[in-house]
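Results of the structural survey
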Amino acid sequence: MATTSTTGSTLLQPLSNAVQLPIDQVNFVVCQLFALLAAIWFRTYLHSSKTSSFIRHVVATLLGLYLALFCFGWYALHFLVQSGISYCIMIIIGVENMHKYCFVFALGYLTVCQVTRVYIFDYGQYSADFSGPMMIITQKITSLAYEIHDGMFRKDEELTSSQRDLAVRRMPSLLEYLSYNCNFMGILAGPLCSYKDYITFIEGRSYHMTQSGENGKEEIQSERTEPSPNTAVIQKLLVCGLSLLFHLTISTTLPVEYNIDEHFQATASWPTKMIYLYISLLAARPKYYFAWTLADAINNAAGFGFRGYDKNGAARWDLISNLRIQQIEMSTSFKMFLDNWNIQTALWLKRVCYERASFSPTIQTFILSAIWHGVYPGYYLTFLTGVLMTLAARAMRNNFRHYFIEPSQLKLLYDVITWIVTQVAISYTVVPFVLLSVKPSFTFYSSWYYSLHILGILVLLLFPVKKTQGRKNTRENIQLSQSKKFDEEHSLGRNSFSTTNNVCNQNQEIASRHSSLKQ
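Keep in mind it's a predicted model, so treat the numbers as computed, not measured. (Residues numbered from 1 in each chain as written. Predicted model: local features only at pLDDT ≥ 70, side-chain atom pairs only at ≥ 80, totals over all residues. Heavy atoms only, no water.)

Focus: the packing of helix 18 (residues 377–400) against helix 19 (residues 408–435)
Here is the rule: Only the stretch in contact is used when a helix axis is fitted, and all axes are lines through C-alpha atoms; the angle between N-to-C directions ranges over 0 to 180 degrees. We count a stretch as a helix when DSSP gives it H or I for four or more residues in a row; a strand needs E for two or more, and each element gets its number in order from the N terminus. Roughly parallel refers to an angle under 35 degrees, roughly antiparallel to one over 145, roughly perpendicular to one between 65 and 115, and oblique to any angle outside these ranges. Whether a crossing is left-handed or right-handed is set by the direction in which the near helix is turned from the far one by less than a right angle, anticlockwise for left-handed and clockwise for right-handed. Contact criterion: two residues are considered in contact whenever any of their non-hydrogen atoms come within 4.5 Å of each other. Ten residue types, Ala, Val, Leu, Ile, Met, Phe, Trp, Tyr, Cys and Pro, are classed as nonpolar, four, Asp, Glu, Lys and Arg, as charged, and the remainder, Gly among them, as polar.
Two numbers describe how helix 18 lies on helix 19: the axes approach to 6 Å, and their chain directions differ by 165°. By the criterion of interaxial angle, the relationship of helix 18 to helix 19 is roughly antiparallel. Where helix 18 crosses over helix 19, the two elements pack in a sense that is left-handed. Here Gly378, Tyr379, Leu381, Thr382, Phe383, Thr385, Gly386 and Met389 of helix 18 lie close against helix 19, whose contacting residues are Tyr428, Thr429, Val430, Pro432 and Phe433. Across the contact of helix 18 with helix 19, the residue classes break down as 8 nonpolar, 5 polar and no charged.

What follows is the structure, encoded as structure tokens:
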């Protein structure tokens, strides 16, 4: 029988018992399905052309708080406390320094709640909990604080093109702030979106998009009818169904914990260990595919997520998409995997940490990612290993890739080899993220004789990344590269910073923004 332990409503306990799943997980899925129906209603009956922005803000906020209360009980008050105190900080401290105070408070409050959860609830219980939504709210609080600081304090010439476009030029009202943080479309699973994109959606301006004309200048496409998200929503729901089916039928038969089984370690050959490592981590991903794709579909169903039109005039609904499954599974580099996994968190890390860090931006970004994820030691082992793997992969790419560009057969061989190496390296890196605790994590790494750690260190010693410019010029190039990438994305519609593989490849030797492995 499924566990009856929950911080939220027990109304669905009979359903939980029937499907043999924890009540927290049942509450989460049912609330997300309710949010999907509410999103369709919201778009149909509370469309921006039929009602005011005030009503849309109120309804979105109240529905969001109700879902939070249903899933997490009175622990949902943490969402209001964190948001309320952060808003007071913004008002009292002022635009010059409030981004720093908001960052420290929001991240600190999240960490306290995560520590509390670990000691109150069973250690290692990895089901729905109130700190999950708080992670998204923390991203929104900190992102908006920096966007207000950029828009109301810093000079335009000090900002990159992307920062200039995201900059918020006026202080949000309390209702707008709560609506942004706690709306029903993203309260349970996100994803993160920029404040300006959300307000544009609420006010009904998201369909008056800009698109490059023949002369290269932006032209307003106001004469177009509002595009329907129905096709995009149906496609994403199909992905959700397949992911959920895979998770319920296959994932449970391939546990990651079997990698540290004593009998398996003693009897399995190295090829067998390597294959099972890859397959077990592959099987662990569909639950994330399900949760993030469903969250994306909910936002699209409400009319949020429209990103403009492509060159063929087709509507794009990937403004706040959180992953690209095909690119993830076919990644031929560590960076390509990270750039397509938990995309919105990657953008948050870049915007609040990587592009603002004065030294060691890669290391600072991975540390922030680990702190944001929580207090389990496995998270820190994963992200420390991730730093090493990322730097080693960059060194290998810079020193060897240019030898394998042509002919096409050699390039194909290079792609196959790098795909195998990348998938094994990713799997090796994230095992502690799944195992959570120190002892099983070191048991796994010791069973592999820390081989990839040693290999990564040797690569950095033997093949250092070539530095052709000073730090100042390098950081200028980073900002120029980021601005160019943003401008390319903006020509398709609203900004979204989602990096494509080609852009990643072109800018790899200059700099790379690094993100976390996620939830």
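Some thoughts on unusual backbone geometry
Let me state the cut-off plainly: Note on classification: 1.4 Å probe, protein chains only; a residue is buried when its accessible area is under 20% of the maximum for its type, exposed when over 50%, partly exposed between these limits.
A cis amide bond, omega 0°, links Gly190 with the succeeding residue Pro191. With respect to the helices, strands and loops of the structure, Pro191 is situated in the loop between helix 8 (174–182) and helix 9 (195–202). Put simply, Glu406 and Pro407 share a cis peptide bond, and its omega is 0°. Along the chain, Pro407 falls in the loop between helix 18 and helix 19. Phi at Asn342 is positive, roughly 50°, even though this residue is not glycine. Examined against the element boundaries, Asn342 turns out to sit in the loop between helix 15 (334–340) and helix 16 (343–352). Relative accessible area serves as the criterion here: at 1%, Asn342 is assigned to the buried category.

A word on the UniProt feature "transmembrane region" (unreviewed entry) in the protein
We apply this condition: UniProt positions are given in the numbering used here, feature names are shortened, and annotations may be inferred rather than shown by experiment.
Sequence positions flagged by UniProt for "transmembrane region" (unreviewed entry) are, in local numbering, residues 26–46, 58–81, 370–391, 412–435 and 447–465. Along residues 26–46 one finds 95% helix and 0% strand; the C-alpha atoms at either end are 28 Å apart. Helix makes up 86% of residues 370–391 and strand 0%, with an end-to-end C-alpha separation of 17 Å.

Some points on the pattern of salt bridges
Inclusion rule: The salt bridge criterion pairs a side-chain nitrogen of Lys or Arg with a carboxyl oxygen of Asp or Glu, the two atoms within 4 Å.
In total, this model carries 14 salt bridges according to the counting rule given. One salt bridge connects Asp296 with Lys236, and the closest N-O pair in it is separated by 2.8 Å. Of this pair, Asp296 sits in helix 13 (residues 286–301) while Lys236 is found in helix 10 (residues 230–249), placing the two residues 60 residues apart along the sequence. Grouping residues by exposure puts Asp296 and Lys236 together as buried. Residues joined in a network through salt bridges with shared partners are Asp150, Arg154, Glu158 and Arg356.

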